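Here are the chains, one letter per residue:
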Amino acid sequence: MRCCTDGWPPSCTAWVPADRPGRPSRSNKIIRIVALLRAAVARYRFGRLAAVAVALYLAAAAVAAGYDGGRWFAVVATADFWPWDDGARLLPAAIGVLNAWALWQILRGPASPRAGALPRDVAWLRRLLYADVAGDLLLWELLDDVSGVAEYAASWAVWTATMFLLVRALAGVSARFRIIALGLGLTGVLAAALRPFAEGPLLTASLLVAMATLGCKAMIIAGQGRDGRFSAVTVAIGWTALLVPQVYSLLQVGRVTFDSLSLAVHALDGLIVVWAARTAHELAATGKGVAVTGTGRTPRLLAAVVGLVLPMAAVGAEGDARLTYTAADEGCRDRLRPATGLGPEERRRSFLCLARGETFAADAMFPEDLADQRILAYGAQLCALPGDRERHVLHKRAGGTADAIELAAALEYLCPGIVARQNADAHRRQAERDRQEAAWKAEANARCADPWPRVRARRQGTAAYMLFEGGGYAVFDDRDDSAGDPGDIYGGDGEAADIFDAIEDGFIDAAGSSAAIVTDEENAAMCLTVKAFDSAPPLRLTGWDQVVEVGIASRSGRLIVPTYPEGGDSGAAGPLPDLAVAGPGHYRLRVHARTLPWDENDPDAPLEEHLLVVYPGRSTDKVVYRPPG
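Residues numbered from 1 in each chain as written. Predicted model: local features only at pLDDT ≥ 70, side-chain atom pairs only at ≥ 80, totals over all residues. Heavy atoms only, no water.

Q: I'd love a proper account of the overall build of the protein, names of residues and values included.
A: Helix and strand counts for the protein come out as 20 helices and 12 strands. Counting all 629 residues of the protein, 42% fall into the buried class. In the protein, 71% of the contacts between residues at least 6 apart in sequence involve partners at least 24 apart. Carbon and sulfur atoms provide 58% of the accessible area of the protein, an area that totals close to 33200 Å². (Helix = DSSP H or I, 4+ residues; strand = E, 2+ residues; numbered from the N terminus. Buried < 20%, exposed > 50% of the residue type's maximum accessible area, 1.4 Å probe, protein only. Contact = heavy atoms within 4.5 Å. Areas by Shrake-Rupley, 256 points an atom, 1.4 Å probe, with all protein chains shown as cover.)

Here it is, written out as structure tokens:
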């Protein structure tokens, strides 16, 4: 070991390892870092207060990170609620650091030394930028609790005035550049003013025109890059806050997701507040740019620009104070008329009547505290969407509840023809399902063939029978309701066949006008052939595992096997004939059953086959020709 300065002066007390000469100790590093931080804090007007605020925020985040497994940390980090993944702690931590940095950027104030007296326009611009920052952080949320439309109007009023002055204050850009930027900005403001009142095609047009606001902001940020007063960091923050959410929205069209990427984009979207604060700070700093000379007409110009938007606040206040229309009247539904022939005003009244009322589930179609104009705006947006799924997502996002039929019935007044389009879409979807089901049935039926082809019956048929969970099927008189529902083999009341009695028997149960037969297979298809004779046919036992004959009656003159899906979740995939060839009376039912070998070339082929033979006969005795082996 040696002294840090080779022993001189003798009072030297800072020692370093001899094998690492000239390297400062860890304590010196900390001292230097603290000194740099103090210098950075002192450099800005409100640096000390900002540093204290950031320290308090980080302390709160650190406490939250350890509370309830860190679940509250995401709330502190994002000031919002997001689904929480216990394994994804790094992203909320990074967002917390980003928020701390953003808080420092916003609160620290402009750098010293500040420029001299600013032009009047620039001074007003800085005030508006700070007002916009305060609004985005807190004021707009508080105002929204009082009036949603008033918050909408106030935020757009501040943006309009800010945009107007910011474009005029840019240095290093041409007059044509300013005219185009102002034109885009004012077009976007006009679109925002019309949006609450727009419907149908006008709403779609207003949404497209609102993209002008995005173009205006892009031109402003591009202009900042030419103005020496604004740093490259401020310009980069502006582009990031402007473009990242837009690109993400385009990639997520038609989807509603809440994942890590959504959380990150949500955090970057907040950088627009940092951009506004840094823009205001740097306008007060000395720099190479030359501010536009003030004209002294700022208050009058500002009043004129804000006057374009403030009338929206008056409309919003009226809409929030009372309903624009008397649609909340409980008796309005009794006065509804078909949408055809109604004028625009009456159609809007009718839509609000349904939108303000309860649905079949006793829930409000739209939230009760939502102003009429907002409901109309949501309705117009719903009209512009292509299908039920998209409308359901937007309707749910608006806080509403209703099924597709109820919502379409209400929208029929805003956009006539939506029910017809919805029905046409439903018919097309149903036709496609029917086509797929028909192909599925044909493929299943093609795997089955008549196991007794040499003997022709008076009526006969072969089809694949789709078995449900538990298996089993029934033969019954579908017009005999004396024992309850025809074909209900789960009745168990003694007047009809019961599948549980069939299971106890091992094969079959017959009672009255029905018979229940047990199968070895379930949740699969089996092959079923039915043959109805005028008299008893020859007994056929060869090749069958079980053959049992029972008596069954037909009170109405019908005996059927259910067709899929008329039998519920099971039934024959093709039509099978009525087996009561002699009309009402008594019949004998002979049931043949056997298992089929597995076909490795056709894994979906049925593994079970039944043959039903029916002929007139008065006996009710059960005869077992071949018991199960």
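Q: I'd like to hear about the nonpolar core, residue by residue, with values.
A: Ranked by internal contacts, the top residues of the largest apolar core, which has 41 residues, are Leu125, Trp159, Met163, Ile220 and Trp275. At the level of secondary structure, the elements contributing two or more residues to this core comprise α4 (90–107), α5 (120–146), α6 (148–169), α7 (175–194), α9 (211–226), α10 (232–251) and α12 (271–283). Ranked by residues supplied to this core, first place goes to α6 with 10 residues. If near-sequence neighbours (up to four positions away) are discounted, Trp159 is found in contact with Val189, Thr213, Cys216, Lys217 and Ile220. If you look at the next biggest cluster of nonpolar residues, it comprises 29 residues, including Tyr473, Leu528, Ala532 and Val550. (Core = buried A, V, L, I, M, F, W, Y, C linked by side-chain atoms within 4.5 Å.)

Q: Kindly report on the environment of Leu49, identifying the contributing residues and their values.
A: With respect to the helices and strands, the residue Leu49 is situated in helix α2 (residues 47–65). For the pair Leu49 and Arg108, spaced 59 residues apart in the sequence, the C-alpha separation amounts to 7.4 Å.

Q: Break down the packing of helix α16 (residues 372–384) against helix α18 (residues 404–414) for me, citing the residues and quoting the values.
A: Two quantities define a packed helix pair, namely the angle between the axes and the distance from one axis to the other. Running from amino to carboxyl end, α16 crosses α18 at an angle of 100°, the nearest separation of the two axes being 10 Å. Viewed along their axes, α16 and α18 adopt a mutual orientation that is roughly perpendicular. Every residue of α18 that contacts α16 at Leu376, Gly379, Ala380, Leu382 and Cys383 is listed here: Leu407, Leu411 and Leu414. Of the residues belonging to the contact of α16 with α18, the class tally is seven nonpolar, one polar and no charged. (Axes fitted to C-alpha atoms, helices over the stretch in contact; angles between N-to-C directions. Parallel < 35°, antiparallel > 145°, perpendicular 65-115°, else oblique. Nonpolar A, V, L, I, M, F, W, Y, C, P; charged D, E, K, R; others polar.)

Q: Describe unusual backbone geometry, listing the residues and the values that go with them.
A: The backbone of Asn523 shows a phi angle near 50°, a positive value even though the residue is not glycine. Within the secondary structure, Asn523 sits in the loop between β6 (514–517) and β7 (525–532). The exposure class of Asn523 is exposed, given its relative accessible area of 51%.

Q: Tell me about the pattern of salt bridges, and please be specific about residues and values.
A: Scanning the model with the defined rule gives 18 salt bridges in all. Between Arg168 and Asp121 there is a salt bridge whose closest N-O contact spans 2.4 Å. Taken together, the residues span a long stretch of sequence, with Arg168 in helix α6 and Asp121 in helix α5 at a distance of 47 residues. Of the two residues, Arg168 and Asp121, both sit in the buried class. A single network of salt bridges, built from pairs that share partners, joins Glu443, Arg447 and Asp602. (Salt bridge = Lys/Arg side-chain N within 4 Å of Asp/Glu carboxyl O.)

Q: Help me get a handle on α9, residues and values and all.
A: In this model α9 runs 24 Å from its N-terminal to its C-terminal C-alpha over 16 residues, within 8% of the 22 Å that 1.5 Å per residue would give. Regarding α9, the residues found buried are Ala212, Thr213, Cys216, Met219, Ile220, Ile221, Gly223 and Gln224. (Expected span 1.5 Å × (residues − 1).)

Q: Summarise the sheet that holds strand β10 (residues 585–595); cite the residues concerned and give the values.
A: What the seven strands build is an open sheet, ordered β9-β3-β7-β11-β10-β8-β12; its pairing is mixed. Looking at strand neighbours, the two that pair on one side only are β9 (571–572) and β12 (623–626), the edges of this open sheet. In this sheet, β9 lies alongside strand β3 (residues 459–466) in antiparallel orientation, the contact comprising two bridges. Its bridge partner being in β9, Tyr465 is matched across the sheet by Ala572. (Pairing = 2+ DSSP bridges.)

Q: How would you explain the state of the cysteines if you had to name every residue and give the values?
A: A complete count under the given rule lists three disulfides for this structure. Here Cys332 connects covalently by a disulfide to Cys353, the sulfurs 2.0 Å from one another. Negative torsions about the S-S bond denote left-handed disulfides, and the value of about 90° found for Cys332 with Cys353 makes this one right-handed. With Cys332 in the loop between α14 (311–321) and α15 (344–356) and Cys353 in helix α15, this residue pair connects regions lying 21 residues apart in the sequence. (Disulfide = S-S within 2.5 Å.)

Q: Let's hear about the sheet that holds strand β5 (residues 508–511): which residues, and what values?
A: Spatially, three strands are ordered β4-β6-β5 in an open sheet, and the strand pairing comes out antiparallel. The open sheet has two edge strands, β4 (473–476) and β5, and neither has a second partner. Neighbour to neighbour, the strand axes of the sheet diverge by 15° on average, direction disregarded. Judged from the four bridges that link them, β5 and β6 form a sheet pairing that is antiparallel. Following the sheet pairing, Ala511 is matched in β6 by Ser514.

Q: Any chance you could break down the side chain of Arg356 for me, citing the residues and the numbers?
A: Take Arg356: it is sitting in helix α15. Side-chain polar atoms of Arg356 contact the side chain of Asp372, separated by 2.4 Å. (Polar contact = N/O pair within 3.5 Å; in protein donor to acceptor, adjacent residues only side chain to side chain.)

Q: Could you give an account of the environment of Cys448, with specific residues and numbers?
A: Mapped onto the elements, Cys448 comes out in the loop between α19 (418–445) and β3. Distance from Cys448 to Leu528, taken between C-alpha atoms, is 7.8 Å for residues 80 residues apart in sequence. Excluding its chain neighbours within four sequence positions, the residues that come into contact with Cys448 are Thr462, Ala463, Ala464, Met526, Cys527 and Pro606.

Q: Could you give an account of the confidence of the model for the protein, with specific residues and numbers?
A: Mean pLDDT for the protein: 77, with 74% of residues reaching 70 or above. Across residues 1–19, confidence stays below pLDDT 50; counting only partners more than four residues off in sequence or on other chains, it has 16 contacts. Here residues 253–258 is a poorly scored stretch, pLDDT under 50, and it has seven contacts once near neighbours within four places are set aside; other chains count. (pLDDT = per-residue confidence, 0-100.)

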